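Structure at a glance
This is what each chain is made of:
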Amino acid sequence: MISKESITNDLNTVRLRSPLVHNITNYVVMNTTANTLLAVGASPVMAHAVDEVEDMVKIASSLVINIGTLSENWVDAMIRAGRVARERGIPVVFDPVGAGATSYRTKTSLQIIKECKPGVIRGNPSEIMALTNQKGNTKGVDSTSSSESAINAAKLLAKETGAVIVISGSVDYIIDNQYVIKVKNGSPMMTRVTGMGCSATAIVGAFIAINKNFLLASAHAMAVMGIAGELAAQKSNGPGTMQIHFLDELYKLSGKEIFTLFKP
């Protein structure tokens, strides 16, 4: 289903079309995710004001909703943008950051899923499990559960929502009502750099903008993320240089590296 050729084709298409990805994301990662999208070849816009999100999403190719730093006005903006995107057939990826850590985050996540109907939900194992009332191990907004432990929850969530579910971890799982795709690329050092999960969500946003098969688009995005992370880790002395090298490797990534390093 997923192949080195299909990953490369989608990456090249993102670079060719440079889709406008509207991000309503958190303060911690705005700069990181904007640079990630530029490096992969997409065009980011970061807009969260209630008065403009509906107009902004109308001209976007996809919408990324990320609840990392929550406030009432931002939730309102997310839901308004998500509704317009849904009405216009603009693909939405949702990142339920910290779901399960507080009741407010879990409640907000479920509200966004209900009202915005995202095509893709990407989270760590604890977040995915929290969305189906299953208990995962969380430490703030980070997960201490394995990605494998959330597979059943992801299958249930996919069935309930119709969305593709992406579980990030040492092995990434991309799941819909029929299929489970594994992507084994990545590096442990990626967990030492803030915003890597949010960057993955943003890359998914770029790929679903150019590929209507959200299962494959999400798998391709996670493969690109993981391969760039592996290459960056080989050149890095620690988390500081890892972040710099990640953007460089993402920018330079080609079919050559994909064909050599992709691990299904």
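Before reading further, recall that the structure is shown in the block above.
The notes below deal with the structure included here. (Residues numbered from 1 in each chain as written. Predicted model: local features only at pLDDT ≥ 70, side-chain atom pairs only at ≥ 80, totals over all residues. Heavy atoms only, no water.)

Glancing now at the overall build of the protein. The secondary structure content of the protein amounts to 11 helices and 10 strands. Against the 2.2 N^0.38 benchmark of 18 Å for 264 residues, the protein shows a C-alpha radius of gyration of 16 Å, consistent with a compact globule. Seen through its C-alpha atoms, the protein measures out along the principal axes to roughly 45 × 40 × 35 Å. Taken over 264 residues, the protein has a buried fraction of 58%. Taking the contacts inside the protein whose residues are at least 6 apart along the sequence as the reference set, 69% of them involve residues at least 24 apart. Here the protein displays about 11200 Å² of accessible surface, and carbon together with sulfur accounts for 49% of that area. The centroid of the 25 positive side-chain charges in the protein is displaced by 5 Å from the centroid of its 21 negative side-chain charges. (Helix = DSSP H or I, 4+ residues; strand = E, 2+ residues; numbered from the N terminus. Rg over C-alpha atoms; globule rule 2.2 N^0.38 Å. Buried < 20%, exposed > 50% of the residue type's maximum accessible area, 1.4 Å probe, protein only. Contact = heavy atoms within 4.5 Å. Areas by Shrake-Rupley, 256 points an atom, 1.4 Å probe, with all protein chains shown as cover. Lys, Arg positive; Asp, Glu negative; His and termini not counted. Charge placed at Lys NZ, Arg CZ, Asp CG, Glu CD.)

The next point concerns the environment of glutamate 257. Residue placement: glutamate 257 occurs in helix H11 (residues 255–261). The spacing of glutamate 257 and isoleucine 210 is 47 residues in sequence and 22 Å in space, taken between C-alpha atoms. When residues no more than four places from it in sequence are discounted, the contact partners of glutamate 257 are Ile227, Leu231, Lys252 and Phe262.

Before going further, it helps to examine the sheet that holds strand S1 (residues 20–24). In spatial order, the strands read S2-S1-S3-S4-S5-S8-S9-S10; together these 8 strands make up an open sheet with mixed pairing. The open sheet has two edge strands, strand S2 (43–46) and strand S10 (180–183), and neither has a second partner. The average angle at which neighbouring strand axes cross in this sheet is 20°, direction not considered. The sheet strands contacting helix H8 (residues 196–208) are S1, strand S3 (62–66), strand S4 (92–95) and strand S5 (120–123), and the helix crosses S4 at an angle near 170°. (Pairing = 2+ DSSP bridges. Axes fitted to C-alpha atoms, helices over the stretch in contact; angles between N-to-C directions.)

Counting residues in each nonpolar core, the largest one holds 50 residues, and the members touching the most others are Val40, Ile174, Phe207, Met242 and Leu250. Breaking this core down by element, the ones donating at least two residues are helix H1 (4–17), helix H2 (30–40), strand S8 (164–167), S10, H8, helix H9 (214–235), helix H10 (239–252) and H11. When residues of this core are assigned to their parent elements, the largest contribution, 14 residues, is made by H9. Judged by nonpolar contacts, the second largest core, of 41 residues, contains Val92, Cys116, Ile151 and Ile167. (Core = buried A, V, L, I, M, F, W, Y, C linked by side-chain atoms within 4.5 Å.)

What follows is about the packing of aromatic side chains. Applying the stated rule across the entire model yields 1 aromatic pair. With 4.9 Å between their ring centres and 50° between their planes, tyrosine 27 and tryptophan 74 make a pair best called tilted. One end of the pair, tyrosine 27, is in the loop between S1 and H2; the other, tryptophan 74, is in helix H4 (residues 72–88), and 47 residues separate them in sequence. Relative accessible area serves as the criterion here: at 58%, tyrosine 27 is assigned to the exposed category. (Phe/Tyr/Trp six-rings, centres within 6.5 Å; stacked < 30°, edge-to-face > 60°.)

Across the chain, the bulk of peptide bonds are trans and the bulk of non-glycine residues have phi less than zero. Positive phi, normally seen in glycine, also occurs at serine 18, with a value near 45°. Mapped onto the elements of the fold, serine 18 is located in the loop between H1 and S1. Although it is not a glycine, lysine 117 adopts a positive phi angle of roughly 50°. Mapped onto the elements of the fold, lysine 117 is located in the loop between helix H5 (103–116) and S5. Note on lysine 117: relative accessible area 53%, which makes it exposed.

Look at H4: 25 Å from first C-alpha to last across 17 residues, which is about the 24 Å you get at 1.5 Å a residue. Along its buried surface, H4 packs onto S1, H2, helix H3 (53–58), S3, S4 and H5. With its phi angle positive at about 70°, glycine 89 sits one or two positions after the end of H4. (Expected span 1.5 Å × (residues − 1).)

Counting through the fold element by element, glutamate 230 comes out in helix H9. Among the residues examined, glutamate 230 registers a relative accessible area of 9% and is labelled buried. Here the side chain of glutamate 230 touches lysine 263 through a polar contact of 3.3 Å, side chain to side chain. (Polar contact = N/O pair within 3.5 Å; in protein donor to acceptor, adjacent residues only side chain to side chain.)

Below, the discussion takes up the side chain of threonine 108. Mapped onto the secondary structure, threonine 108 falls in helix H5. Ignoring sequence-local partners within four residues, the contact set of threonine 108 consists of Leu70 and Val75.

So, about the environment of glycine 240. Inspection of the secondary structure assignment puts glycine 240 in helix H10. A residue is classified by how much of its surface remains accessible, and glycine 240, at 51% relative accessible area, is exposed. Expressed as a C-alpha distance, the spacing of glycine 240 and valine 193, which sit 47 residues apart in the sequence, is 7.7 Å.

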